[in-house]
Amino acid sequence: MRYEDWHTHNSLCKHAIGTIEDYIKEAVKLNLNVIGISDHFPYEYLVSELPTLDQIPYEEYAMPLYDLDKYMFQLEELREKYSDQIHVRFAFEIDYFKHQDYMLNKYLKKYIDKLDYILGSVHVLFGKAGTFAFDDGRFLNKYREYSVNDEIYIEFYNSLQDMIKSPTFELDIVTHFDLPKKFDKRVEDHDTVMEKVIETLELVKKNDLMIEINTSGLRKKAKEQYPSEEIIRKMYELDIPILLGSDAHHPKEVAYKFKEITKLLKTIGYNQLAHYEKRKRSYIDF
Ligand SMILES: [Zn+2]
Ligand SMILES: [Zn+2]
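Remember, it's a predicted structure, so these values are computed and weren't measured experimentally.

Draft legend 1. Structural detail: unusual backbone geometry. Following tyrosine 226, the chain continues to proline 227 via a peptide bond in cis, the omega torsion being -10 degrees. Inspection of the secondary structure puts proline 227 in the loop between strand S8 (210-214) and helix H6 (229-237). The backbone of aspartate 239 shows a phi angle near 60 degrees, a positive value even though the residue is not glycine. By secondary structure assignment, the location of aspartate 239 is in the loop between H6 and strand S9 (242-245).

Shown next as structure tokens:
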């Protein structure tokens, strides 16, 4: 089968290496069927509403607003240029912030009709340790403000649930479903956190959303894809659709470990992967 990578970044977001075209070229070289370009949607318009965001270097987390037009223009050009070699799909990875959908949609409105799908993410917590990006290694000291790691997981799943339940936040795919394990800060009371995980999975199902199998965790200290095999097995039981994302921040990471991961998914029982065009989901066998 020809793989499809639905989660990639590029230099516009200021923390990834390579142009959009570099990622497309790599995907062509790997004979992928689809490359989804899904760079981080801007943050800076939120600061007036959420002043504590000033405590994180948000300008290094996403493209600035003034690059949105450039992003879309480049995507259209490149889709055309490579149309006989690969399907280029347009997306954003959008961070969810409570009560900010109105602001977000004001800026998203202009682009939403051009998108093939939207990744919905939580990278920032507003909890016990204040405002911090829990997946940014520069904030590792914040973990010490929690008595157990589980508290971070619970805050994370509460935010994911808010995101999933929000009637005004547009998304198709929930990303890196157990991201707090990135630095190998593992759950202590397994059953309590797992209860929260299952509650969140049930919400995903109820809202007809899906979850990406994100291989970037294999490159991190956690040494494991997001989510864990245990969670993927629960997803399978609940019949939650999936697709693959490398979360590449370097062209060499495109389709990272897709062969190994599809093998695992088959063992679990999955035999279909989702596919998007203009925010319509279909399925391909694998
Ligand atoms: Zn990123
Ligand atoms: Zn990403």
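Draft legend 2. Up close: helix H7 (residues 258-268). Those residues of H7 that sit buried are Phe258, Ile261 and Leu265. Viewed along the axis of H7, the buried residues span an arc of 65 degrees, placing them on a single side of the element. Every exposed residue of H7 that faces more than 90 degrees away from the buried side is listed here: Lys259, Glu260, Lys263, Lys266 and Thr267. The secondary structure elements touched by the buried residues of H7 are S8 and S9. One or two residues past the end of H7 sits glycine 269, with phi positive at roughly 130 degrees.

Draft legend 3. Molecular detail of the sheet that holds S9. Read from one edge to the other, the open sheet built from seven strands follows the order S1-S2-S3-S4-S7-S8-S9, with strand pairing classed as parallel. The open sheet is flanked by strand S1 (4-5) and S9, the only strands paired with a single partner. Against the sheet, helix H1 (residues 20-29) engages S1, strand S2 (34-40) and strand S3 (87-95), with an angle of about 155 degrees to S2.

Draft legend 4. How the structure looks around the pairing of S9. The two faces of S9 match: Ile242 and Leu244 on one face and Leu243 and Gly245 on the other face are all buried. Here S8 runs beside S9; their pairing, made up of four bridges, is parallel. Directly across from asparagine 214, in S9, lies its bridge partner glycine 245. Once you follow S8 into H6 and on to S9, the crossover reads as right-handed.

Draft legend 5. Expanded view of the pairing of strand S5 (residues 124-127). Where S5 and strand S6 (residues 130-133) come together, four bridges link them in antiparallel fashion. For leucine 125, the partnering residue across the bridge sits in S6 and is phenylalanine 132. Taken together, S5 and the strand that follows it, S6, pair antiparallel across an intervening segment of two residues.

Draft legend 6. Seen up close, the environment of serine 246. As for its position among the elements, serine 246 is in the loop between S9 and H7. Taking the C-beta count within 10 Å as the criterion, serine 246 has 29 such neighbours and is therefore assigned buried. Measuring from C-alpha to C-alpha, the distance between serine 246 and phenylalanine 258 comes to 8.0 Å, with 12 residues separating the pair along the chain. Excluding residues that lie within four positions of it along the chain, serine 246 makes contacts with Asp5, His7, Thr8, Thr215, Ser216, Glu253, Val254, Ala255 and Tyr256.

Each value, and the rule that gives it
Residues numbered from 1 in each chain as written. Chains lettered and ligands numbered in written order. Predicted model: local features only at pLDDT ≥ 70, side-chain atom pairs only at ≥ 80, totals over all residues. Helix = DSSP H or I, 4+ residues; strand = E, 2+ residues; numbered from the N terminus. Buried ≥ 20, exposed ≤ 12 C-beta atoms within 10 Å, placed from the backbone. Arc of directions from axis to C-beta. Contact = placed C-beta atoms within 7 Å. Pairing = 2+ DSSP bridges. Axes fitted to C-alpha atoms, helices over the stretch in contact; angles between N-to-C directions. Right-handed = clockwise from strand over helix to strand, strands pointing away.

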